[in-house]
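# Overview (structure and organization)
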Amino acid sequence: QVSLVESGGGLVQPGGSLRLSCTASGRIGRILTQGWYRQAPGKERELVAVVHSGGTTIYGDSAKGRFTISLESVDNAVYLQMNSLEAEDTAVYYCNLRHWGPPVSEYWGQGTQVTVSS
């Protein structure tokens, strides 16, 4: 079993920044992807950013130019630096990991609330 623990959410003013962290623990096999998704009230969960094992990084349209995803292999950690935050970024942010145990399995964190408001 794999456990993902997120931190770093909170309340921030428009234009501000936040850094989300997610550490993975447990029986982790070959990591395929690590990333962040978010879900705003009344909306479907959407991709924020994901890093593939080969190094390819994909950002959702809302994150391009403002958010940066990074990895730390020591702790199997993934970070999301969010700058120039807007009210529309308000959502619960979820960490995601897919690995080949085997088999291929996917895990989610519990979610961390990000609220952008003045």
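What comes next is a walk through the structure. (Residues numbered from 1 in each chain as written. Predicted model: local features only at pLDDT ≥ 70, side-chain atom pairs only at ≥ 80, totals over all residues. Heavy atoms only, no water.)

### What to know about the overall build of the protein chain
Keep this limit in mind: Elements are defined by DSSP. Helices are runs of H or I of four residues or more, strands are runs of E of two residues or more, and each kind is numbered from the N terminus. Type-normalised accessible area, obtained with a 1.4 Å probe on protein chains alone, sets the label of each residue: buried when under 20%, exposed when over 50%, and partly exposed for intermediate values. Only heavy atoms enter the contact rule, under which two residues are in contact if any of them lie within 4.5 Å. Note on areas: Shrake-Rupley with a 1.4 Å probe; residue coverage comes only from the protein chains shown. A positive count includes Lys and Arg, and a negative count includes Asp and Glu. His and the chain ends are not counted in either. Charge coordinates come from a single atom per side chain, which is NZ of Lys, CZ of Arg, CG of Asp or CD of Glu.
Helices and strands together make up the secondary structure of the protein chain, namely zero helices and eleven strands. Buried residues in the protein chain amount to 41% of all 118 residues. In the protein chain, once contacts between residues fewer than 6 apart in sequence are set aside, the share between residues at least 24 apart is 54%. Here the protein chain has roughly 6200 Å² of accessible surface; of this, 47% comes from carbon and sulfur atoms. The centroid of the 9 positive side-chain charges in the protein chain is displaced by 6 Å from the centroid of its 10 negative side-chain charges.

### Focus on the sheet that holds strand S1 (residues 2-7)
Applied cut-off: One bridge is not enough; two strands pair if DSSP finds at least two bridges between them. To obtain each axis, a line is fitted to C-alpha atoms, and for helices this fit is confined to the stretch in contact; angles are then taken between N-to-C directions over 0 to 180 degrees.
The strand order across the open sheet formed by four strands is S1-S3-S8-S7, and the pairing between neighbours is antiparallel. Looking along the sheet, the strands with just one partner apiece sit at the ends: S1 and strand S7 (67-72). With strand direction ignored, the average angle separating the axes of adjacent strands in the sheet is 15°.

### Structural notes on the pairing of strand S8 (residues 77-82)
The buried count for S8 comes to five of six residues, which makes it a mostly enclosed element. Note: strand S3 (residues 18-26) against S8, five bridges, orientation antiparallel. Bridged to Leu 20 within S8 is Leu 80.

### A short note on the state of the cysteines
Rules: Cysteine sulfur atoms that come within 2.5 Å of each other are treated as a disulfide pair.
Evaluation of the coordinates by the stated rule reveals one disulfide. Each sulfur in the disulfide pair Cys 22 and Cys 95 lies 2.1 Å from the other. Linking Cys 22 and Cys 95, the disulfide has an S-S dihedral of approximately -80° and is accordingly described as left-handed. Taken as a pair, Cys 22 in strand S3 and Cys 95 in strand S9 (residues 91-100) lie far apart in primary sequence, 73 residues in all. Residue Cys 95 is classed as buried on the basis of its relative accessible area of 1%.

On their own, these measurements won't tell you what the molecule is for.
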